[in-house]
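A closer look at the structure
Each chain is listed here by its residues.
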Amino acid sequence: MVSYDPCVRPERDAYLARAWPDVRERIEFRSEPDCSGPRAGESVELLFIDSSHDRESVVAAFRAWGDALVPGAAVAFHDYDHPSYPGVREAIVDLGLSGEQHGGLFVWCAPGRS
Ligand SMILES: C[S@@+](CC[C@H](N)C(=O)[O-])C[C@H]1O[C@@H](n2cnc3c(N)ncnc32)[C@H](O)[C@@H]1O
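The structure displayed is predicted, hence computed values, not measured ones.

**Some details on the site of the ligand**
- The environment of the ligand is formed by Tyr4, Asp5, Pro6, Cys7, Arg9, Pro33, Asp34, Asp50, Ser51, Ser52 and Ser57.
- Residues belonging to the shell around the ligand are distributed by class as follows: four nonpolar, three polar and four charged.
- Two domains share the shell around the ligand, each providing at least three of its residues, namely domain 1 (1–33) and domain 2 (44–114).

**Points about the pairing of strand E3 (residues 44–49)**
- Pairing of E3 with strand E4 (residues 69–78), which is carried by five bridges, proceeds in the parallel orientation. Bridged to Val44 within E4 is Leu69.
- Following the backbone out of E3, through helix H3 (residues 55–66) and into the adjacent parallel E4, one traces a crossover that is right-handed.

**Describing unusual backbone geometry**
- A positive phi angle, close to 65°, is found at Asp79, a residue other than glycine.
- Look at Asp81: it is not a glycine, yet its phi comes out positive at around 75°.
- On the secondary structure map, Asp81 appears in the loop between E4 and helix H4 (86–95).

Thresholds, definitions, all that
- Residues numbered from 1 in each chain as written.
- Predicted model: local features only at pLDDT ≥ 70, side-chain atom pairs only at ≥ 80, totals over all residues.
- Near = placed C-beta within 6 Å.
- Nonpolar A, V, L, I, M, F, W, Y, C, P; charged D, E, K, R; others polar.
- Domains from an automatic or database assignment.
- Pairing = 2+ DSSP bridges.
- Helix = DSSP H or I, 4+ residues; strand = E, 2+ residues; numbered from the N terminus.
- Right-handed = clockwise from strand over helix to strand, strands pointing away.

In structure tokens:
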């Protein structure tokens, strides 16, 4: 798992202390914005977008990762329908994505293998 956040928050260590060591060692933190996208050769099965919640940033994040998604990959947008974050829904409309709402998540799946 790879996590992107340009702001290194002090809570991170407390969260990590709760994870099993073998889980912890499989998490890589990159102090970069999500729109940096993947490194060369990386592919993604699950993309969770929960960073800046304004329309342009959500669109930019999705586009930055689009080419790295494997067939059938899931993209989950957090805070969908949240009254404080209308940009998430607006971005999904802009991107023309059809998916499913699960609580506060909107989930879209990339086309699968034919
Ligand atoms: C709502 S919090 C969610 C964090 C995490 N998903 C969680 O549940 O603990 C949003 C985080 O996104 C970070 N953030 C804001 N803009 C970002 C961006 N463009 N790329 C990556 N992270 C960003 C903020 O620093 C903040 O820590």
